[in-house]
Amino acid sequence: MTLTTRDHAMRMLGVRLRAAGLSTPELDARLLVQGVTGASDIEMLREPGTRMSDEEEARLAVFERRRLAGEPVSRILGMREFWGLPFAVTPATLDPRPDSETLVETALALLRETAEPRILDLGTGTGCLLLSLLHERADAQGTGIDISDEALAVAASNAARLDLSARVSFRRGNWTDGIGGRFDLVISNPPYIRRGDIEALEREVREHDPLLALDGGEDGLDAYRALAAAIPDVLTQTGHAVIELGEGQGEAVRAIFEPAGMAVLRIVPDLAGIPRALVAALPRG
Ligand code: GLN
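The following paragraphs examine the structure supplied in this document. Here the structure is a predicted model, which is why all the values come from computation and not from measurement.

**Considerations on the layout of surface pockets**
Quantified by volume, the largest pocket comes out at close to 1400 Å³. Surrounding the largest pocket, 44 residues form its lining, Arg 80, Asp 95, Pro 96, Arg 97 and Pro 98 being those nearest its centre. Looking at the lining of the largest pocket, the elements that each hand over two or more residues are α2 (25-37), α5 (73-77), β1 (79-82), β2 (85-88) and α9 (203-206). The biggest single contributor to the lining of the largest pocket is α2, with five residues. Broken down by class, the residue content of the lining of the largest pocket amounts to 21 nonpolar, seven polar and 16 charged. By volume, the second largest pocket is sized at about 530 Å³. Lining the second largest pocket are 30 residues, with Gly 123, Asp 146, Pro 191, Leu 212 and Ala 213 positioned closest to its centre. Elements that contribute at least two residues to the lining of the second largest pocket include exactly α7 (128-136) and β4 (141-146). The residue inventory of the lining of the second largest pocket, partitioned by class, reads 15 nonpolar, 10 polar and five charged.

**Section: the packing of helix α6 (residues 101-110) against α7**
Across the interface, α6 lies against α7 with an axial gap of 10 Å and an inter-helix angle of 40°. Classified by the interaxial angle, the pair formed by α6 and α7 is oblique. Crossing geometry of α6 relative to α7 is assigned as right-handed. Touching Leu 103, Val 104, Ala 107 and Leu 108 of α6 are Leu 129, Ser 132, Leu 133 and Glu 136, all from α7. Residues that form the contact of α6 with α7 fall into these classes: six nonpolar, one polar and one charged.

**Brief notes about the packing of aromatic side chains**
Here the structure, examined in full by the defined rule, presents one aromatic pair. Seen in terms of ring centroids, Phe 82 and Phe 87 are 6.2 Å apart; in terms of plane orientation they differ by 75°. Their pairing is edge-to-face. If you follow Arg 118 out to its NZ or CZ, it ends over the ring of Phe 183, 4.5 Å from the centre.

**So, unusual backbone geometry**
The residue Glu 116 is not glycine, and still its phi comes out positive at about 45°. Secondary-structure assignment places Glu 116 in the loop between α6 and β3 (118-122). With phi around 60°, Asp 163 is a residue other than glycine that occupies positive phi space. Positionally, Asp 163 belongs in the loop between α8 (149-161) and β5 (168-172).

**Here's the deal with the pairing of β5**
Bridge count for β4 against β5 is five bridges, and the pairing is parallel. Counted as the bridge partner of Asp 146 is Arg 172 from β5. As a crossover connection, the stretch from β4 through α8 into β5 is right-handed.

Reading the values: the criteria
Note on numbering: residues in each chain are counted from 1, in written sequence order. A pLDDT threshold of at least 70 governs which residues receive local features in this predicted model, and a stricter bar of 80 or more applies before side-chain atom pairs are shown or counted, although totals over entire chains, interfaces and linings include all residues. To get the side-chain values, all heavy atoms of the structure are used, and hydrogens and water are removed first. Think of a 1 Å grid over the protein atoms and nothing else: a 1.4 Å probe that fits but is trapped marks a cavity, an open set flanked by protein within 12 Å on at least five of seven lines marks a pocket, and residues with an atom within 4 Å of a point count as lining. Grid points are joined across faces, edges and corners, and a volume is the space filled by probe spheres set on the points. Secondary structure is summarised from DSSP: a helix means a run of H or I of at least four residues, a strand means a run of E of at least two, and numbering begins at the N terminus for each. Throughout, the ten residues Ala, Val, Leu, Ile, Met, Phe, Trp, Tyr, Cys and Pro are labelled nonpolar, Asp, Glu, Lys and Arg are labelled charged, and all others, Gly among them, are labelled polar. All axes are obtained by fitting lines to C-alpha atoms, using only the stretch in contact for helices, and the reported angles, taken between N-to-C directions, cover 0 to 180 degrees. For classification purposes, angles smaller than 35 degrees are called roughly parallel, those larger than 145 roughly antiparallel, those between 65 and 115 roughly perpendicular, and all remaining angles oblique. Helix crossings get a hand from a simple test, with the near helix turned counterclockwise from the far one by less than a right angle marking a left-handed crossing and a clockwise turn marking a right-handed one. Between two residues, a contact is recorded if the distance between any of their heavy atoms is within 4.5 Å. Working definition: rings of Phe, Tyr and Trp (its six-membered ring) pair if their centres are within 6.5 Å, and the pair is stacked with planes under 30 degrees apart, edge-to-face with planes over 60 apart, and tilted otherwise. By definition, being over a ring means that NZ of Lys or CZ of Arg is both within 6 Å of the ring centre and within 35 degrees of the ring normal. We treat two strands as partners when DSSP finds at least two bridges between them. When the strands point away from the viewer, a crossover counts as right-handed if the path from the first strand over the helix to the second runs clockwise.

Next up, the structure:
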């Protein structure tokens, strides 16, 4: 045992991370101390005087160095909370963003009247979108597609942790290639960063998110062209597609989806007010 309490270690780490100019130093410090000690939120509050072991202190020092070198907390811990659920993240998967919870919320509202919905997630990554939906809808079945075998392994491990494996299947594929049948909901957070903008992204993103999950081609819209061409063949007549947008891409994506034979019903803003989720369907009648 050292003389350092968890609470003291957290506060001192918070001060150092703040001095280094990180944007959420106190939160980062708490999550890293919890990561090395295994303390829950409630234990952190109720038992501030608990001492840290030498081993925990040593691991925290390593975590601190990694954080100061620009590695996101989720990558250090290998874990990120999304929709209130724990998701493993690895170098092969995009780190789930709170912005993407807008898609989950939008999709749940659209599925409210549909019993036993079938859900298709294109570019599933950690599986965070699909698994959050399956967690909320015990009658739903899901299919998650990704081009990366490593990402699919992460998604499958997340399904197992959330006890959702029985209702989901993951398979490797290029968007909808080889998929049979139609789905009540098609959801996707595709790569949408303009290739030329990737160098200017913040270090946490540029150095730690997989390029495959970011790079949307020259104009950032390549994946939307592929999705617009593919989705009409896998959507039911009453189904919806909910697609994440990059900042400022709403009208450009609408101009890709409509000529491809889809009706764009609305564009839903995220909590920051940025248009984030495009809702599309097959034209009625
Ligand atoms: N939302 C990510 C970002 O912060 C990009 C993810 C994507 O391309 N889908 O830049």
